[in-house]
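A closer look at the structure
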Amino acid sequence: MAIILGIESSCDETSASICIDGEIKSNIIASQAIHAKYGGVVPELASRAHQQNIIPTVDQAIAAAKIHKNEIDAVAFTRGPGLLGALLVGTSFAKSFALAMNVPLIDVNHMQAHILAHFIDNPKPNFPFLCLTVSGGHTQIVLVKDYFEMELLGETLDDAAGEAFDKTAKILDLPYPGGPLIDKHAQNGNPDTFKLPEPQIPDLNFSFSGLKTAILYLVQAEVKKNPNFLNEQMDDLCASVQSRIVSILLNKLKKAAKQTGVKDIAIAGGVSANSGLRNGLIEMGKKYKWNVFIPKFEYCTDNAAMIAIAGYQKYLKQDFIGQEIGPLARLGV
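These numbers were taken from a predicted model, which means no experiment stands behind them. (Residues numbered from 1 in each chain as written. Predicted model: local features only at pLDDT ≥ 70, side-chain atom pairs only at ≥ 80, totals over all residues. Heavy atoms only, no water.)

1. Let's talk about the nonpolar core
Counting residues in hydrophobic clusters, the biggest one holds 46 residues, and the most contacted among them are Leu 132, Phe 208, Ile 245, Leu 249 and Leu 277. Sorting the residues of this core by element identifies β6 (129-134), β7 (139-146), α4 (161-171), α5 (179-186), α6 (209-225), α7 (229-260), β9 (264-268) and α8 (275-288) as the ones contributing at least two each. Not counting residues within four places of it along the chain, the set of residues in contact with Leu 132 comprises Gln 140, Ile 141, Phe 206, Leu 249, Leu 253, Ala 266, Ile 267, Ala 268 and Leu 277. Judged by nonpolar contacts, the second largest core, of 33 residues, contains Ala 266, Ala 268, Phe 293 and Ile 309. (Core = buried A, V, L, I, M, F, W, Y, C linked by side-chain atoms within 4.5 Å. Buried < 20%, exposed > 50% of the residue type's maximum accessible area, 1.4 Å probe, protein only. Helix = DSSP H or I, 4+ residues; strand = E, 2+ residues; numbered from the N terminus. Contact = heavy atoms within 4.5 Å.)

Take a look at the structure:
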């Protein structure tokens, strides 16, 4: 039997999870409400909140899994990518815990962990599969050949899709985090009300900066004509924005599926919680006879269960690292 403690601290979520023989027994997430008044994550405040949250979060995860800390066989933690100060808190705790309990240390790539979240529940995708990984900081199409053999086929050249949602929310005067609020308004709106451009980016890469600028100019022009524009058109505006972002993502995914011939298609990352993207992928899957894999909501956003499941796969390979390890703000898939 292998019991893995997973720790995630890459941004503004402090999370701990216990995985026993590939089965998640607990997944505790402490969110940081402090960032809302600043309209985005403040790295220094995130680091301080992680320091406050990490011990109680780990305690809760161990208690919820009904185990004792002495039973833990290894500690897996997010090494990167992410906010350096935030990563440092999780890395330092993991190293200290591993040293104190005399157990091995496992470093996990945050982006790979989002993809491996698909191995928490059934059904699981078969190798090779395509994964569209979409979050506030990343937008990537990855060909997943094995648990830790992944090929980056395309990525964003500027803003990530999650960033486009959040920045659009700011333009629309919606509070942070804005992505889920756009999703909520979009469900009551008509996506065909406002015509927004789809960037013509070569290969399988993405760009969202032009779309963001187009939304800004549209809102400025309409507000000049009608000061109540945002209040009157919020639902239709959000529906139009969400529809365009989703179409950009899915059109590239369709292109990747055609190029590779792969039929198992997955999405991962925080934006995979978006209802428009989830529904759009399901519809596209039916049309092109894909096997579609979408994680549960709790495994879409940053969480330690995905770190623990990735750590378990590394544990099986005895892929451990030493105490000299440090966090990396940038880390490729």
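2. Re the sheet that holds strand β3 (residues 23-31)
One open sheet holds the five strands; their spatial order is β3-β2-β1-β4-β5, and the pairing between them is mixed. Either end of the sheet is taken by a strand with one partner, and the two such strands are β3 and β5 (105-109). Strand after strand, the sheet turns through a mean of 20° between neighbouring axes, direction not considered. Bridge count for strand β1 (residues 3-8) against strand β4 (residues 74-80) is four bridges, and the pairing is parallel. Within β4, the residue paired with Ile 4 across the bridge is Ala 74. Of the strands in this sheet, β1, β2 (13-20) and β3 are in contact with helix α1 (residues 43-64), which crosses β2 at around 25°. Packed onto the sheet, helix α9 (residues 304-316) meets β1, β2, β3, β4 and β5 and runs at close to 135° relative to β1. (Pairing = 2+ DSSP bridges. Axes fitted to C-alpha atoms, helices over the stretch in contact; angles between N-to-C directions.)

3. Brief notes about the UniProt feature "binding site: substrate" (unreviewed entry) in the chain
Within the UniProt annotation, "binding site: substrate" (unreviewed entry) is assigned to Thr 133, Val 134, Ser 135, Gly 136, Gly 137, Asp 166, Gly 179, Asp 183 and Asn 274. Secondary-structure assignment places Gly 136 in the loop between β6 and β7. Given the relative accessible area of 43%, Gly 136 is considered partly exposed. Every residue in contact with Gly 136, bar those within four places of it in the chain, is listed here: Ala 160, Gly 162 and Glu 163. When you line up the elements, Gly 179 lands in helix α5. Gly 179 sits in the buried class, given a relative accessible area of 14%. Excluding residues that lie within four positions of it along the chain, Gly 179 makes contacts with Phe 165 and Asp 166. (UniProt positions renumbered as here; feature names shortened; annotations may be inferred.)

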